[in-house]
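A look at the structure
Below are the chains, spelled out letter by letter.
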Amino acid sequence: MNRRAIFLLTLLMSVVWLDSAHAAVYRWVDADGRTQFGDRPPPDRSAEQVQIRQQPVPDEAGAPMSDQQRRELRQKMLDAYREEREEKRQARAQRVAEEARRKMACARAKDRVREYETAAGLYELQPDGSRRYLSDDEFRASLRRARDEVKRYCRQGD
């Protein structure tokens, strides 16, 4: 993760923590006589809601953040998350496209090997339109290159 994303994530967590600080806190005594605290009262006991005094959270200059500043900070974090999601979506789309290209190359390589294995001989077209048939050594080398392409592009299950 880049520094900007980490910074914005930290700021967002601060804002989320501030919002969660407004949640109610309950106090009750459990069956063993111990005092317990939680964000929800227990269903089987009576609980007292505890009033917690909130300290204003200062910004970098030492002044408490205004609602407008919190909204702006939250918006910056949302924008950063949106950018990160878009980058991930683009990366995922690129991986899908690369995988599709690889599978096409695999299919072509397999077809080439099948054609070479079933061919009586291979030839090269000459500039004048005539055919020059490959020698046995040239044929084996071409077949080996085609099989190497299958190994390069194909994975198990393709």
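Residues numbered from 1 in each chain as written. Predicted model: local features only at pLDDT ≥ 70, side-chain atom pairs only at ≥ 80, totals over all residues. Heavy atoms only, no water.

**Overview of the environment of aspartate 44**
- Assignment of secondary structure puts aspartate 44 in the loop between β2 (35-38) and β3 (48-50).
- Residue aspartate 44 is classed as exposed on the basis of its relative accessible area, which comes to 63%.
- Each C-alpha atom, one on aspartate 44 and one on aspartate 30, is 9.8 Å from the other, the two residues being 14 residues apart in sequence. (Helix = DSSP H or I, 4+ residues; strand = E, 2+ residues; numbered from the N terminus. Buried < 20%, exposed > 50% of the residue type's maximum accessible area, 1.4 Å probe, protein only.)

**So, the nonpolar core**
- Ranked by size, the top nonpolar core spans 11 residues in total: Cys106, Ala109, Val113, Tyr116, Leu122, Leu134, Phe139, Leu143, Ala146, Val150 and Cys154.
- For this core, the secondary-structure elements that each account for two or more residues are α2 (67-118) and α3 (136-153).
- The contacts of phenylalanine 139, once residues within four sequence positions are left out, are Tyr116, Leu122 and Leu134. (Core = buried A, V, L, I, M, F, W, Y, C linked by side-chain atoms within 4.5 Å. Contact = heavy atoms within 4.5 Å.)

**Remarks on the confidence of the model for the chain**
- Mean pLDDT for the chain: 84, with 82% of residues reaching 70 or above.
- Across the chain, element-level confidence peaks in α3 with a mean pLDDT of 95 and bottoms out in helix α1 (residues 3-20) with 63. (pLDDT = per-residue confidence, 0-100.)

**So, the pairing of β2**
- Pairing between strand β1 (residues 25-29) and β2: four bridges, direction antiparallel. Note on β2: the bridge partner recorded for tyrosine 26 is glycine 38.
- Taking the residues that link successive antiparallel strands as the turn, the β1-β2 hairpin has five residues, and the phi of glycine 33 there is positive, at about 85 degrees. (Pairing = 2+ DSSP bridges.)

**Remarks on the sheet that holds β2**
- Ordered by their spatial adjacency, three strands build an open sheet running β2-β1-β3, and the pairing between neighbours is antiparallel. Either end of the sheet is taken by a strand with one partner, and the two such strands are β2 and β3. Strand-to-strand twist across the sheet, computed as the mean angle between neighbouring axes with direction ignored, equals 35 degrees. (Axes fitted to C-alpha atoms, helices over the stretch in contact; angles between N-to-C directions.)

**Overview of the pattern of salt bridges**
- Taken as a whole and judged by the stated rule, the model has 16 salt bridges.
- Linking arginine 34 and aspartate 30 is a salt bridge whose minimum nitrogen-to-oxygen distance equals 3.7 Å.
- Looking at aspartate 30, the relative accessible area reads 17%, which means it is buried.
- We note a salt bridge from arginine 82 to aspartate 79, for which the minimum N-O separation is 2.7 Å. One end of the pair is arginine 82 and the other is aspartate 79, both in helix α2 and three residues apart, which spans about a single turn.
- A residue is classified by how much of its surface remains accessible, and arginine 82, at 44% relative accessible area, is partly exposed.
- Overall, aspartate 79 belongs to the partly exposed group, its relative accessible area being 29%. (Salt bridge = Lys/Arg side-chain N within 4 Å of Asp/Glu carboxyl O.)

**Let's talk about the pairing of β1**
- Burial along β1 is one-sided: the residues Tyr26 and Trp28 are buried and none of Val25, Arg27 and Val29 is.
- For β1 and β3, the ladder comprises three bridges, and the chain directions are antiparallel. Considered in β3, the bridge of arginine 27 is made with glutamate 48.

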